[in-house]
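Okay, here's what each chain looks like letter by letter:
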Amino acid sequence: MRGKILLLFLLSFIVLSSLAFSVDIDECYGFSENSTLTQNIYGDNTCMIAWADDITLDCDGYKITYGQGASGTRYGVDYTDHSNVNVQNCVFEAGPSGNAALYGLRGGGHVENVSIIQPNAASGIALSHGHFTLENITINSTSTTTSEYAVVLMSGFSDFIANNLRIYTAGKNYLGI
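The structure displayed is predicted, hence computed values, not measured ones.

Colleague: Is there a simple way to explain the state of the cysteines in this structure?
Modeller: Note on terminology: a disulfide is the covalent bond linking the sulfur atoms of two cysteines. Here the structure, examined in full by the defined rule, presents two disulfides. Between Cys28 and Cys47 runs a disulfide, and the two sulfur atoms are separated by 1.9 Å. On the S-S bond that ties Cys28 to Cys47, the torsion sits near -80 degrees, and the link is left-handed. Of this pair, Cys28 sits in the loop between β1 (23-25) and β2 (29-31) while Cys47 sits in the loop between β4 (41-42) and β5 (48-50), and the two are 19 residues apart along the sequence. Here Cys59 connects covalently by a disulfide to Cys90, the sulfurs 2.0 Å from one another. Handedness here is read from the sign of the S-S torsion; for Cys59 and Cys90, about 75 degrees, the answer is right-handed. Residue Cys59 is found in the loop between β6 (55-58) and β7 (63-66), and its partner Cys90 is found in strand β9 (residues 85-94); the two are separated by 31 residues along the sequence.

Here it is as structure tokens:
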């Protein structure tokens, strides 16, 4: 009987330890494990910074507003130098100094069910080096000033896939990919 209880305990431990747990987020910060927003969040600068590989940010439908502060380079999520960073179920809105909602260099990842409101002349998404998949993405630019691309693909792609990418503009200056 003790052997069966010990075996059951070990099996339960193995199953529970293999599940992906998520940390709740209620403010802008760096994340190094699977994380889920619990409310809308606002930041003067870059709002979320990925600090690890193989992680997911699930906004659960909440909004990330970034770039509210002084001018400079500001992103909704910056995952430079990390691979397989996944972003899902998010609404991004750039403030007056906001640049791309998603900025990914040298890593790759999956972006799904994301809406981007870009009131200034910055790109919606800027990606480079790696395998990226974009699914169910809406980018809405209300800028009528300078030209910019909705999605910027820099160098070094091994693979890029876009399914159901919608781009809306208020003026003639916002370009596609």
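Colleague: Quick question: what am I supposed to make of the nonpolar core here?
Modeller: Most often, soluble globular proteins keep nonpolar side chains buried together rather than apart. Ranked by internal contacts, the top residues of the largest apolar core, which has 33 residues, are Phe31, Met48, Ile64, Val77, Tyr79, Phe92 and Ile125. Elements with a minimum of two residues in this core: β5, β6, β7, β9, β11 (109-118), β12 (125-128) and β13 (130-141). The dominant element in this core, judged by the number of residues it contributes, is β9, at five residues. Setting aside residues no more than four positions away along its own chain, Phe31 makes contact with Ile25, Met48, Ile49, Ala50, Trp51, Ala52, Ile55, Thr56, Leu57, Val77 and Val85.

Colleague: Even after reading the chapter, I still don't get the packing of aromatic side chains, so can you show me in this structure?
Modeller: Two aromatic rings, taken as a pair, are described by how far apart their centres are and by the angle between their planes. For the structure shown, the criterion picks out two aromatic pairs. Between Tyr75 and Tyr103 the ring centres are 4.1 Å apart and the planes differ by 5 degrees, which places this aromatic pair in the stacked class. Of this pair, Tyr75 sits in the loop between β7 and β8 (77-78) while Tyr103 sits in strand β10 (residues 102-105), and the two are 28 residues apart along the sequence. Here Tyr75 matches Tyr103 in class, with each residue buried. Geometrically, the ring pair formed by Tyr79 and Phe132 is tilted, given 6.4 Å between the ring centres and 45 degrees between the ring planes. Separated by 53 residues along the polypeptide, Tyr79 in the loop between β8 and β9 and Phe132 in strand β13 bring together distant segments of the chain.

Cut-offs and rules
Residues numbered from 1 in each chain as written. Predicted model: local features only at pLDDT ≥ 70, side-chain atom pairs only at ≥ 80, totals over all residues. Heavy atoms only, no water. Disulfide = S-S within 2.5 Å. Helix = DSSP H or I, 4+ residues; strand = E, 2+ residues; numbered from the N terminus. Core = buried A, V, L, I, M, F, W, Y, C linked by side-chain atoms within 4.5 Å. Buried < 20%, exposed > 50% of the residue type's maximum accessible area, 1.4 Å probe, protein only. Contact = heavy atoms within 4.5 Å. Phe/Tyr/Trp six-rings, centres within 6.5 Å; stacked < 30°, edge-to-face > 60°.

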